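# Working through the structure, step by step
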Amino acid sequence: MLGSVQEFFGAAVDRFETARAGKALLDGDVDGRTERFIRSKLDYVDVLALDADIVARVRGVISSYEEVAARLRKADRGLGAAPAPAGVEAADFRALAERCEER
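Numbering of residues starts from 1 in each chain and follows the order in which that chain's sequence is written. At least 70 in pLDDT is required for a residue's local features to be given in this predicted model, at least 80 for side-chain atom pairs to be given and counted, and no such filter applies to totals for whole chains, interfaces and linings, which use all residues. Hydrogens and water molecules were not included; the side-chain quantities draw on all heavy atoms of the structure.

## Quick look at the pattern of salt bridges
What makes a salt bridge here is a side-chain nitrogen of Lys or Arg within 4 Å of a carboxyl oxygen of Asp or Glu, nothing more. By the definition in use, this model includes 6 salt bridges. Where Arg 39 meets Glu 35, a salt bridge forms, and the shortest distance between an N and an O atom there is 2.8 Å. Linking Arg 39 with Glu 35, this pair stays in helix α2 (residues 33-79), spanning 4 residues, or about one helical turn. The exposure class of Arg 39 is exposed, given its relative accessible area of 51%. A salt bridge links Glu 101 to Arg 73; the shortest N-O distance between them is 2.8 Å. Within this pair, whereas Glu 101 is found in helix α3 (residues 93-102), its partner Arg 73 is found in helix α2, the two being separated by 28 residues in sequence. Think of it in three bands: with a 1.4 Å probe and only protein chains considered, a residue is buried below 20% of the maximum accessible area for its type, exposed above 50%, and partly exposed in between. Look at Glu 101 and you get partly exposed, because its relative accessible area is 48%. Secondary structure elements are defined from DSSP: runs of H or I of at least 4 residues count as helices, runs of E of at least 2 residues count as strands, and each element is numbered from the N terminus.

This is the structure we're talking about:
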């Protein structure tokens with residue numbers, strides 16, 4: 001427990017020192033050049049984070065398609081050519097599974 005408290009405190013001190021150094025840089029920025037430079041770098045970091053989020057979401061969607069395709073194939077094997085229950089629209093589970101796999 002003591003180790004994690006010390007790590008937290010150390011991280012907080014590092015963050016404070018970074019913020020103080022950044023404020024000093026901006027306070028001395030009379031022509032705005034430093035601020036433009038920092039904002040440009042932050043824009044780049046923002047787009048990297050957005051890109052990473054999109055990649056993670058796409059990977060999640062791919063995994064979902066794979067899981068659904070497997071369940072559809074299992075339903076196709078289990079139900080075969082049985083008619084849909086009354087009041088339920090018929091479905092071609094094999095075709096739906098193939099669509100998932102294509103995506």
